[in-house]
Amino acid sequence: MMISTKGRYALRVMLDLAEHEDGSYIPLKDVALRQNISRKYLENIMSMMTKNNLVTSATGKEGGYRLNRDPGDYVVGDILRATEGDLAPVACLSESEKKCTTTALCYTLPFWQGLEEHINSYIDSYTLQDLMDSKEQVIKNFTCR
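This structure is a prediction, so every number in the text was calculated from the model and none was measured. (Residues numbered from 1 in each chain as written. Predicted model: local features only at pLDDT ≥ 70, side-chain atom pairs only at ≥ 80, totals over all residues. Heavy atoms only, no water.)

1. Section: the overall build of the chain
(1) Moving on: Each helix and strand in the chain was counted, giving seven helices and two strands.
(2) Moving on: With the C-alpha coordinates aligned to their principal axes, the bounding extent of the chain is approximately 60 × 40 × 25 Å.
(3) Moving on: A burial count over the chain gives 32% of its 145 residues as buried.
(4) Moving on: Within the chain, contacts between residues at least 6 apart in sequence are counted, and of these 65% link residues at least 24 apart.
(5) Moving on: When the accessible area of the chain is evaluated, it comes to approximately 9400 Å², of which 52% is carbon and sulfur surface.
(6) Moving on: Counting 17 positive and 20 negative side-chain charges, the chain places the averaged centre of each group 7 Å from the other. (Helix = DSSP H or I, 4+ residues; strand = E, 2+ residues; numbered from the N terminus. Buried < 20%, exposed > 50% of the residue type's maximum accessible area, 1.4 Å probe, protein only. Contact = heavy atoms within 4.5 Å. Areas by Shrake-Rupley, 256 points an atom, 1.4 Å probe, with all protein chains shown as cover. Lys, Arg positive; Asp, Glu negative; His and termini not counted. Charge placed at Lys NZ, Arg CZ, Asp CG, Glu CD.)

This is the structure:
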């Protein structure tokens, strides 16, 4: 399993909205410039975020996007699943895949199920606020080199 560009960018955009949140809608062009991501590509991502009720959008002169709740209430796993679907490490565990006919006899299945549990537990243990809080440490580590 590998997180796609869409998933990585979705997380960056949600962090950008959280960092620049002031109660108003944030224009997508501003986010695109700050994140160095194509506005057209971001429109696709933001459509997914809106459809999954992670952001609210508004059109017009004062339009853009804003978070629906506090950054601490956004679980990273929810953001990634909105763009990636389930994050199953193998196809036989994926909700969207045809179920394997040998599941009952598969002695590797418990291993894959355990890996999936660890992945979901890890990504669900972080919030946008956690990532924002780690920003200072990342910057400090980068400038110390």
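2. Points about the nonpolar core
(1) Moving on: With 30 residues, the main nonpolar core has Met 14, Leu 17, Met 49 and Ile 79 as its most contacted residues.
(2) Moving on: Counting only elements with at least two residues in this core, the list comes to α1 (5–19), α2 (28–35), α3 (39–51), β2 (64–67), α4 (76–84) and α5 (109–123).
(3) Moving on: Per element, the largest residue contribution to this core is seven residues, and it comes from α1. (Core = buried A, V, L, I, M, F, W, Y, C linked by side-chain atoms within 4.5 Å.)

3. Here's the deal with a negative patch on the surface
(1) Moving on: On the surface, a cluster of negative charge is made up of Glu 21, Asp 22, Asp 70 and Asp 73.
(2) Moving on: Secondary-structure assignment places Asp 22 in the loop between α1 and α2. (Patch = residues over 30% accessible without salt bridge, like charges linked within 9 Å, V, L, I, M, F, W, Y side chains within 5 Å. Salt bridge = Lys/Arg side-chain N within 4 Å of Asp/Glu carboxyl O.)

4. Observations concerning the side chain of Gln 35
(1) Moving on: Position of Gln 35 among the secondary structure elements: in helix α2.
(2) Moving on: There is a polar contact of 3.0 Å between the side chain of Gln 35 and the side chain of Asp 16. (Polar contact = N/O pair within 3.5 Å; in protein donor to acceptor, adjacent residues only side chain to side chain.)

5. Some details on the packing of aromatic side chains
(1) Moving on: Summed over the entire model, instances satisfying the criterion amount to three aromatic pairs.
(2) Moving on: When the ring of Tyr 9 is compared with that of Tyr 41, the centres are 5.6 Å apart and the planes differ by 90°; the resulting orientation is edge-to-face. With Tyr 9 in helix α1 and Tyr 41 in helix α3, the pair connects residues that are 32 residues apart, well separated along the chain.
(3) Moving on: For Tyr 41, a relative accessible area of 28% translates into the label partly exposed.
(4) Moving on: Here the basic side chain of Arg 69 rests over the ring of Tyr 74, its NZ or CZ set 4.2 Å away from the ring centre. (Phe/Tyr/Trp six-rings, centres within 6.5 Å; stacked < 30°, edge-to-face > 60°. Lys NZ or Arg CZ within 6 Å of the ring centre and 35° of its normal.)

6. A few points about α3
(1) Moving on: Over its 13 residues, α3 extends 18 Å from the first C-alpha to the last, a length consistent with the 18 Å expected when each residue adds 1.5 Å.
(2) Moving on: Listed in full, the buried residues belonging to α3 are Leu 42, Ile 45, Met 46, Met 48 and Met 49. All buried residues of α3 project into a common sector of 155° when viewed along the axis, lining one side. Seen from the buried face of α3, the exposed residues on the opposite side, beyond 90 degrees, are Lys 40 and Lys 51.
(3) Moving on: For α3, the secondary structure elements touched by its buried residues are α1, α2, β1 (55–58), β2 and α4.
(4) Moving on: Capping the start of α3, Ser 38 holds a side-chain oxygen 3.3 Å from the backbone nitrogen of Lys 40, two or three residues further along.
(5) Moving on: At the exit of α3 stands Asn 53, carrying a positive phi of roughly 60°. (Expected span 1.5 Å × (residues − 1). Arc of directions from axis to C-beta.)

It is worth stressing that arrangement in space is one thing and function is another; only the former is reported here.
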